[in-house]
Amino acid sequence: MSCMGESEDVQISVNKVVIDSLKPKDLPLVELSRSLCNIDGVHAVNIIVTEVDARTETIKITLEGSNIDYDAIPKVMERCGAVIRSIDEINITKSARKR
């Protein structure tokens with residue numbers, strides 16, 4: 001269900017997503033970063049470890065780009081064994097579609 005009305009004249013673009021996540025300690029940050037960077041529209045990935053436990057790490061992920069494929073994010077995270085706890089920030093822009 002969507003609360004957003006559709007418009008053919010407008011393009012909505014996701015440009016930044018900040019995610020609070022939990023990942024297995026044995027998943028290298030570089031591997032997760034590369035996987036997330038392969039998502040369409042993502043140009044940069046920044047990951048900060050905020051807490052370390054015996055088997056997991058709490059991380060803050062920032063994805064930046066233009067027209068990020070938002071729906072692909074949870075799929076990539078799940079494939080890597082990471083869990084999204086919350087979306088803490090999002091930046092979206094609207095522009096007129098080119099005809």
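For the structure itself, look to the data block above.
The sections below set out a description of the structure shown in this document.

## So, the overall build of the protein chain
Moving on, step 1. Of the regular secondary structure elements, the protein chain holds two helices and four strands.
Moving on, step 2. Starting at the N terminus and walking to the C terminus, you meet the elements of the protein chain as β-α-β-β-α-β.
Moving on, step 3. When the backbone C-alpha atoms are referred to their principal axes, the protein chain occupies close to 55 × 25 × 20 Å.
Moving on, step 4. Buried residues in the protein chain amount to 32% of all 99 residues.
Moving on, step 5. Sequence-distant contacts in the protein chain: of pairs separated by 6 or more residues, those separated by 24 or more amount to 73%.
Moving on, step 6. As displayed, the protein chain has an accessible area near 6700 Å², and 49% of this comes from carbon and sulfur atoms.
Moving on, step 7. Across the protein chain, the centroid of the 13 positively charged side chains sits 2 Å from that of the 16 negatively charged ones.

## Here we look at the sheet that holds strand β1 (residues 10–24)
Moving on, step 1. With antiparallel pairing, four strands are arranged side by side in an open sheet as β2-β3-β1-β4. Strands at the two margins of the open sheet, each flanked by one partner only, are β2 (42–52) and β4 (83–96). For this sheet the average axis-to-axis angle between neighbouring strands, irrespective of direction, equals 15 degrees.
Moving on, step 2. One ladder, built from nine bridges, connects β2 with strand β3 (residues 56–65); its direction is antiparallel. Its bridge partner lying in β3, A44 is registered against E64.
Moving on, step 3. Helix-sheet contacts for helix α1 (residues 29–37) involve β1, β2 and β3, and the interaxial angle to β2 is about 145 degrees.
Moving on, step 4. Packed on one face of the sheet, helix α2 (residues 72–80) meets β1, β3 and β4 and runs near 150 degrees to β4.

Rules and cut-offs
Per chain, residue numbering runs from 1 following the sequence as it is written. Owing to the predicted nature of the model, reporting of local features is limited to residues with pLDDT of at least 70; listing and counting of side-chain atom pairs is limited to 80 or more, with chain, interface and lining totals taken over all residues. For the side-chain quantities, the full set of heavy atoms in the structure was used; hydrogens and water were omitted. Per the convention used, a helix needs a DSSP run of H or I reaching at least four residues, while a strand needs a run of E reaching at least two, with both numbered from the N terminus. Think of it in three bands: residues with accessible area under 20% of the maximum for their type are buried, residues over 50% are exposed, and the middle band is partly exposed, with areas taken using a 1.4 Å probe on protein chains only. Note on definitions: a residue-residue contact is assigned when non-hydrogen atoms from the two residues lie within 4.5 Å. We get accessible surface area from the Shrake-Rupley algorithm with a probe of 1.4 Å; when it comes to residues, only the shown protein chains can shield them. In summary, the charge assignment counts Lys and Arg as positive and Asp and Glu as negative, without counting His or the chain termini. Lysine's charge is taken at NZ, arginine's at CZ, aspartate's at CG and glutamate's at CD. At least two DSSP bridges between two strands are needed for those strands to be called paired. What counts as an axis is a line fitted to C-alpha atoms, over the stretch in contact for a helix, and the angles between N-to-C directions run from 0 to 180 degrees.

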